[in-house]
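# Per-entry structural report
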Amino acid sequence: MRLRGLYAITPEHTERVMLRRQVAQALEGGIAMLQYRRKGAQDAGEARELATLCRRSGVPFIVNDDLALACGADGLHLGGEDGDIAAARMELGDKLLGVSCYDSLDAARAAVAAGADYIAFGSVFASPTKPGAVRAPLSLFAEARALGVPLVAIGGITLENAPQLLAAGADGLAVISDLFDAPDIAGRARAYGKLFRP
């Protein structure tokens, strides 16, 4: 698969109508992918609404639990405790499968062998969303290039520190706060998009 650009992840505590509006703005700004994440409170109706918005914009829509098939998502993202990768691959068929591997190259190798389409490493910087998250060294991206799948950086990413990640070899930048807390979400997404242009 080809994944290069801003990988937007929905904020946890946003009311439904507001979230739909924010996602529409992010899509207007040119995000590469959207992941819907509401830990412990996934809403199939809300997920279907966001899936529809993404489909209209031609942007892949990913969820992080078993809603993937029920809501018409383009794929699933698994965290470290979210289940068996090979089983998820079988269930998803040709839909996208991403896996968080935190700071572990060995976990990334195993995930790719089990069928992951892309790998996420992080937290690459201190994260306001997960302040206690393990930190992933930027050297992981160069080391993981041989896996042959897109590599996504997550955790504490801002416009200011993002260039370091692209220089290190990240293909995608997973961002929550620096995108959805921005006063102009579409403008912030466009600013990220410029980082990926030659």
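For the structure itself, consult the block above.
Residues numbered from 1 in each chain as written. Predicted model: local features only at pLDDT ≥ 70, side-chain atom pairs only at ≥ 80, totals over all residues. Heavy atoms only, no water.

### Quick look at the packing of helix α1 (residues 16–29) against helix α9 (residues 185–195)
- For the pair α1 and α9, interaxial distance at closest approach is 7 Å and the crossing angle is 35 degrees. The two elements α1 and α9 cross, and the hand of that crossing is right-handed. Within the contact between the two elements, α1 uses Gln22, Gln25, Ala26, Glu28 and Gly29 and α9 uses Ile185, Ala186, Ala189 and Arg190.
- Class assignment for the residues of the contact of α1 with α9 results in 4 nonpolar, 3 polar and 2 charged. (Axes fitted to C-alpha atoms, helices over the stretch in contact; angles between N-to-C directions. Helix = DSSP H or I, 4+ residues; strand = E, 2+ residues; numbered from the N terminus. Left-handed = near helix turned anticlockwise from the far one by under 90°. Contact = heavy atoms within 4.5 Å. Nonpolar A, V, L, I, M, F, W, Y, C, P; charged D, E, K, R; others polar.)

### Describing the pattern of salt bridges
- Within the structure shown, the criterion is met by 9 salt bridges.
- For Asp106, the salt bridge goes to Arg109, with nearest N and O atoms at 2.8 Å. Of this pair, Asp106 and Arg109 both sit in helix α5 (residues 105–113), 3 residues apart, which is roughly one turn of the helix.
- What makes Asp106 exposed here is its relative accessible area of 57%.
- According to the relative accessible area criterion, Arg109 is partly exposed, its value standing at 44%.
- Between Arg188 and Asp178 there is a salt bridge, with the nearest N and O atoms lying 3.0 Å from each other. Taken together, the residues span a long stretch of sequence, with Arg188 in helix α9 and Asp178 in helix α8 (residues 177–180) at a distance of 10 residues.
- A relative accessible area of 22% places Arg188 in the partly exposed class. (Salt bridge = Lys/Arg side-chain N within 4 Å of Asp/Glu carboxyl O. Buried < 20%, exposed > 50% of the residue type's maximum accessible area, 1.4 Å probe, protein only.)

### Overview of the pairing of strand β1 (residues 5–9)
- Within β1, 5 of the 5 residues are buried, which leaves it mostly tucked inside the rest of the structure.
- Both β1 and strand β8 (residues 172–175) contribute to a ladder of 4 bridges, which runs parallel. Across the sheet, residue Leu6 finds its bridge partner in β8, namely Leu173.
- Relative to strand β2 (residues 33–36), β1 runs parallel, the two sharing 3 bridges. (Pairing = 2+ DSSP bridges.)

### Looking at the environment of Ala47
- Looking at the secondary structure, you find Ala47 in helix α2 (residues 44–57).
- You can call Ala47 buried: its relative accessible area is 0%.
- Sequence separation of Ala47 and Val63 is 16 residues, and the distance between their C-alpha atoms is 8.1 Å.
- Those residues in contact with Ala47 that lie beyond four places of it in its chain are Tyr36, Phe61, Leu67 and Cys71.

### Quick look at the nonpolar core
- Counting 58 residues, the largest nonpolar core has Ile31, Phe61, Ile119, Phe121, Ile157, Leu173 and Leu179 as its most contacted members.
- At 5 residues, the largest contribution of residues to this core is made by α2.
- In this view, Phe61 contacts Leu34, Tyr36, Ala47, Leu50, Ala51, Cys54, Cys71, Ala73, Asp74 and Gly75; residues no more than four positions away in its chain are not counted.
- Among the nonpolar cores identified, the runner-up in size contains 11 residues, and Tyr7, Tyr118, Ala120 and Ile176 belong to it. (Core = buried A, V, L, I, M, F, W, Y, C linked by side-chain atoms within 4.5 Å.)

### Focus on the sheet that holds strand β6 (residues 118–122)
- Overall, parallel pairing links the 8 strands, which are arranged β1-β2-β3-β4-β5-β6-β7-β8 in a closed barrel. Strand-to-strand twist across the sheet, computed as the mean angle between neighbouring axes with direction ignored, equals 25 degrees.
- Relative to β6, strand β5 (residues 96–102) is paired through 4 bridges, and the arrangement is parallel. Note that in β6 the partner of Gly98 across the bridge is Tyr118.

### Considerations on the pairing of β5
- Most of β5 sits inside the fold, with 6 of its 7 residues counted as buried.
- As paired elements, strand β4 (residues 75–78) and β5 share 4 bridges and run parallel to each other. Following the sheet pairing, Gly75 is matched in β5 by Leu96.
- In this region the chain leaves β4, passes through helix α4 (residues 85–92) and returns to the parallel neighbour β5; the handedness of that crossover is right-handed.
- Handedness of the crossover is the feature at issue here: the chain leaves β5, passes through α5, returns alongside β6, and the resulting connection is right-handed. (Right-handed = clockwise from strand over helix to strand, strands pointing away.)

Purely geometric numbers; function is a separate question.
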